[in-house]
Amino acid sequence: TDSAGNTHLTRKQRIKVEIMLSVKEDTFRIRMSNIYFTDNGKKLKPESEYTLDKILALVSQYKKFEMHIESHTDSKGREEFNLKKSENRAETVKRYLISQGLSEKIISAKGFGETMLLYPEKNKRYQKKNNRIEFVIIKRDEKIKSIKEH
């Protein structure tokens, strides 16, 4: 176990985490560009499960919440292909979270394709960051008190 609580990582496994978090009232938006897929978005790469487990740990602090999964791509390739790929990715993330115990009643998933680019495609350095998953988490109640607070 390392200082961050990672128990299943070996020295050879390195995960680059890029997260943007914004909070507005009872809504969190978490932008992650380090969730990876194979088969045009239909399967998660194993290293992505660790990242999604961290999202699960975050939302487990709340008794009631809604989660909206939004998937985005860069503009390489055909627009229709990118839309389908982003839809696949969003559904794949949703399936994983449900398989780990989240209720499908509180999760929605939508692919946006290349319609919401963060960076212009001529900027090669940043264009991969257009490929991302965003989680919109809406709290519906107070945070569960920790054992120390009782």
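Residues numbered from 1 in each chain as written. Predicted model: local features only at pLDDT ≥ 70, side-chain atom pairs only at ≥ 80, totals over all residues. Heavy atoms only, no water.

1. What to know about the nonpolar core
Stated formally: Note on terminology: a nonpolar core comprises buried Ala, Val, Leu, Ile, Met, Phe, Trp, Tyr and Cys residues joined through side-chain atoms within 4.5 Å. Under the scheme applied here, a residue whose accessible area is under 20% of the maximum for its type counts as buried, over 50% as exposed, and between as partly exposed, the area being computed with a 1.4 Å probe on protein chains only. Each helix is a run of H or I in the DSSP string that is no shorter than four residues. Each strand is a run of E no shorter than two, and both are numbered from the N terminus. Residue contacts are counted whenever heavy atoms from the two residues lie within 4.5 Å of one another.
Formed by 23 residues in total, the largest nonpolar core has its most connected members in Ile35, Met67, Ile69, Val93, Leu97 and Phe135. Among the elements of the structure, strand S2 (27-32), helix H1 (46-59), strand S5 (65-72), helix H2 (79-99) and strand S7 (132-139) are those that each provide at least two residues to this core. Setting aside residues no more than four positions away along its own chain, Met67 makes contact with Ile55, Val59, Leu97, Leu102, Ile106, Ile107, Ser108, Phe135, Val136 and Ile137.

2. Focus: H2
To keep it simple, the criterion reads: Expected span, for any helix, means 1.5 Å times one less than how many residues it has.
The end-to-end C-alpha separation of H2 is 30 Å, in line with the 30 Å expected for 21 residues at 1.5 Å each. Listed as buried for H2 are Asn82, Lys85, Ser86, Asn88, Arg89, Ala90, Thr92, Val93, Lys94, Tyr96 and Leu97. For H2, the elements touching its buried residues are strand S3 (37-38), strand S4 (43-44), H1, S5, strand S6 (107-111) and S7. Residue Gly101 follows H2 closely and has a positive phi angle near 115°.

3. Re the pattern of salt bridges
Operational definition: Should a side-chain nitrogen of Lys or Arg be within 4 Å of a carboxyl oxygen of Asp or Glu, the pair is scored as a salt bridge.
Throughout the structure, instances matching the rule amount to six salt bridges. Between Lys139 and Asp26 there is a salt bridge, with the nearest N and O atoms lying 3.8 Å from each other. With a gap of 113 residues between them, Lys139 in strand S7 and Asp26 in the loop between strand S1 (19-24) and S2 connect regions that are remote in the sequence. For Asp26, a relative accessible area of 41% gives the class partly exposed. For Glu134, the salt bridge goes to Arg132, with nearest N and O atoms at 2.7 Å.

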